[in-house]
Amino acid sequence: MSLAGKTALVTGASRGIGKSTAIALARQGAEVYCVSTTQGGCDESVRLCREAGGDAHGLAADISDEEAVKALASSVLSRSGNLDILVNNAGITRDGLFLRMDTGDFDAVMRVNLRGPFLLCRAFARAMARAKGGRIINITSVVGLSGNAGQANYAASKAGLVGLSKSLARELAGRGVTVNLVAPGFITTDMTEEIPSAMKEAALKGIPLGRFGSAEDVAGAVVFLAGEPASYITGQVLVVDGGMTM
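An account of the accompanying structure is given in this report. Values in this document were obtained by computation on a predicted structure and should not be read as measured data.

### Observations concerning the overall build of the protein
Moving on, step 1. The helix and strand tally for the protein stands at eight helices and seven strands.
Moving on, step 2. Taking 246 residues into account, the globule formula puts the C-alpha radius of gyration at 18 Å, and the protein, at 17 Å, falls close to it.
Moving on, step 3. Reported as C-alpha extents along the three principal axes, the dimensions of the protein are approximately 50 × 35 × 35 Å.
Moving on, step 4. Going through the 246 residues of the protein one by one, you find that 48% of them count as buried.
Moving on, step 5. If you average the places of the 24 positive and of the 23 negative side-chain charges in the protein, the two averages end up 6 Å apart.

Have a look at this one:
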């Protein structure tokens, strides 16, 4: 499968799932805009994308800020003319038991994990609709499907992203734009490395395939949804969790 001639944007592309996704898209020939919160944060991702065979550019933006997203979209569209693939991957956690959860921690997670994708989808959807084609792929989580103790804010943001995506899929289908989600399970990233060993061992027992997933596993699902074989799929959640939530 080739994505040659396609332009993609991946948020949270400085590490983890976002970084692997950017590289995987570049490997298929896409031109990739790698977005992080800090200037130069995606330098390594850009280098690896180019080594993989695709052109790449690093951009910095606070995706929860409306004006910053408008400026980001303007920069990409003025340079490339259109965006074919939007991957909303950036996300944060502020875990804590619900009865002790700080309102600021709830709001911060919702701003990045739900408001951010909303702003980005809105910023690029019109151009995609005008071009009569495009792929929006939002990274949710199995936690958004099943909930998780200590992650009420994160689960709410990811569940909200499912509802947003399905609604957008219905609105944009007539314009040839598909909107889908990938829901990772327990994926080995910098974020999950902070989880205590005892909790990891307990989680592993609940995964039928007997291993934690990799960022590359998730990236492969994104590339599939971005490609021609997935042209008749929209409004769906592709779960990548080793069978944990089946």
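### Quick notes on the sheet that holds strand β3 (residues 56-60)
Moving on, step 1. Spatial ordering of the open sheet is given by β3-β2-β1-β4-β5-β6-β7, a layout of seven strands whose pairing is parallel. The open sheet has two edge strands, β3 and β7 (237-240), and neither has a second partner. Ignoring strand direction, the axes of neighbouring strands in this sheet form an average angle of 20°.
Moving on, step 2. Relative to strand β6 (residues 177-184), strand β5 (residues 134-139) runs parallel, the two being bridged by six bridges. Across the sheet, arginine 135 pairs through a bridge with threonine 178, a residue of β6.
Moving on, step 3. Strand contacts of helix α2 (residues 43-52): β2 (31-36) and β3, with the helix running at about 165° to β3, the strand carrying the most contacts.
Moving on, step 4. On the sheet, helix α8 (residues 215-226) packs against β4 (85-88), β5, β6 and β7 and is oriented at approximately 165° with respect to β6.

### What to know about the pairing of β2
Moving on, step 1. Counted residue by residue, β2 has five buried out of six residues, so it is predominantly covered.
Moving on, step 2. One ladder, built from five bridges, connects strand β1 (residues 7-11) with β2; its direction is parallel. The partner of alanine 8 across the bridge, within β2, is valine 32.
Moving on, step 3. Looking at chain direction, β2 and β3 are connected through five bridges and run parallel. Counted as the bridge partner of valine 35 is leucine 59 from β3.

### Notes on the side chain of threonine 189
Moving on, step 1. Structurally, threonine 189 is set in the loop between β6 and α7 (197-205).
Moving on, step 2. Given the relative accessible area of 17%, threonine 189 is considered buried.
Moving on, step 3. Setting aside residues no more than four positions away along its own chain, threonine 189 makes contact with Gly16 and Ile17.

### Observations concerning the pattern of salt bridges
Moving on, step 1. Within this structure, the stated rule accounts for eight salt bridges.
Moving on, step 2. When the shortest N-O distance is used, the salt bridge between glutamate 44 and arginine 47 registers 3.9 Å. Separated by three residues within a single helix, glutamate 44 and arginine 47 lie in helix α2, roughly one turn from each other.
Moving on, step 3. On the basis of relative accessible area, glutamate 44 is assigned to the partly exposed category, the value being 42%.
Moving on, step 4. Its salt-bridge partner being glutamate 67, residue lysine 70 comes within 3.7 Å of it at the nearest N-O pair.

Each value, and the rule that gives it
- Residues numbered from 1 in each chain as written.
- Predicted model: local features only at pLDDT ≥ 70, side-chain atom pairs only at ≥ 80, totals over all residues.
- Heavy atoms only, no water.
- Helix = DSSP H or I, 4+ residues; strand = E, 2+ residues; numbered from the N terminus.
- Rg over C-alpha atoms; globule rule 2.2 N^0.38 Å.
- Buried < 20%, exposed > 50% of the residue type's maximum accessible area, 1.4 Å probe, protein only.
- Lys, Arg positive; Asp, Glu negative; His and termini not counted.
- Charge placed at Lys NZ, Arg CZ, Asp CG, Glu CD.
- Pairing = 2+ DSSP bridges.
- Axes fitted to C-alpha atoms, helices over the stretch in contact; angles between N-to-C directions.
- Contact = heavy atoms within 4.5 Å.
- Salt bridge = Lys/Arg side-chain N within 4 Å of Asp/Glu carboxyl O.

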